[in-house]
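# Examining the three-dimensional arrangement
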Amino acid sequence: MASLMEELMETLTAEEKLYAELIPIEEEKTRAIVGNDLQKMQEITDRERDMVDRTTALEAKREEIAINIATVLGKNPKTITLDEIEDSLKKQPEDRKKLQTIHDKLRKTVNRLRDVNEQNKELLQESMDMVEFNMNVMRSARMTSGSSNYGSDASEVNGMAPQHSRFDATQ
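Residues numbered from 1 in each chain as written. Predicted model: local features only at pLDDT ≥ 70, side-chain atom pairs only at ≥ 80, totals over all residues. Heavy atoms only, no water.

### Focus: the overall build of the protein chain
How we decide: The helix and strand labels rest on DSSP assignments: H or I over at least four residues marks a helix, E over at least two residues marks a strand, and numbering proceeds from the N terminus. Accessible area is worked out with a 1.4 Å probe on protein chains only. A residue is then buried under 20% of its type maximum, exposed over 50%, and partly exposed in between. Two residues form a contact once any of their heavy atoms are found within 4.5 Å.
Per the secondary structure count, the protein chain includes four helices and zero strands. Reading the protein chain from its N end, one meets helices and strands in the order α-α-α-α. In the protein chain, which comprises 171 residues, the proportion classed as buried is 25%. Taking all contacts inside the protein chain whose residues are at least 6 apart in sequence as the whole, residues at least 24 apart take part in 65%.

See the structure below:
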């Protein structure tokens, strides 16, 4: 069990460091969104993809370790949480404190990353709304410019005079 706990703590620490490395990248993304720098956005997206792949591998490893710990503790592997694992270490206060510290640091880092991502999401939505607004303005301008081409005597539309019929209203 001790080796599983050590492995869990190492994995959580690696995850936290990876998420912490991702925060400045996301903040750089914020600046690229505000500056409308599409090339920079592409570069950032490529770096993010690499980081996500590494994070996914660590998460899979953490889940595997948690399943093994749950099995040893006789708990449900599908629902075990870090808090439950921490509670199981009551007789090992040093390990429990170390796991709690790592868990708290990870939680703070993930919350910070979530906040930056939420801000980026809002900025991107505002940017998309502005693009849509501008496109609607251009469409409206194009549509109205073609329908009001009257001649000076208002008898011509788009350079064509209306054809007069020989209908006699007195009949």
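### Regarding the pattern of salt bridges
Oppositely charged side chains can pair when the atoms bearing their charge come close. Applied cut-off: When a carboxyl oxygen of Asp or Glu is within 4 Å of a side-chain nitrogen of Lys or Arg, the pair counts as a salt bridge.
Going through the model one piece at a time under the given rule, you end up with 13 salt bridges. For Lys40, the salt bridge is made with Glu28, and the minimal N-O distance between the two is 2.9 Å. One end of the pair, Lys40, is in helix H2 (residues 38-73); the other, Glu28, is in helix H1 (residues 2-34), and 12 residues separate them in sequence. By relative accessible area, Lys40 is classed as partly exposed at 27%. You can call Glu28 buried: its relative accessible area is 17%. When the shortest N-O distance is used, the salt bridge between Glu43 and Lys40 registers 3.8 Å. With Glu43 and Lys40 both in helix H2 and three residues apart, this pair spans about one turn of that helix. Residue classification places Glu43 among the partly exposed residues on the basis of a relative accessible area of 36%. Shared partners join several salt bridges into a network, and the residues in it are Glu28, Lys40, Glu43 and Arg47.

### Things to note about H2
The cut-off we apply is this: A helix's residues, less one, multiplied by 1.5 Å, set its expected span. We define a polar contact as two N or O atoms separated by no more than 3.5 Å, with the added condition that, inside protein, one atom must be a possible hydrogen donor and the other a possible acceptor, whereas residues neighbouring each other in sequence contribute only through side-chain atom pairs.
Counted at 1.5 Å a residue, the expected span for H2 with its 36 residues is 52 Å, and the 50 Å between its end C-alpha atoms agrees. Within the sequence span of H2, burial applies to Met41, Ile44, Glu48, Met51, Thr55, Leu58, Ile65, Ala66, Ile69 and Ala70. For H2, the capping residue at the N-terminal end is Asp37, with a side-chain oxygen 3.4 Å from the backbone nitrogen of Gln39. Positive phi shows up at Gly74, right after H2, with a value of about 75°.

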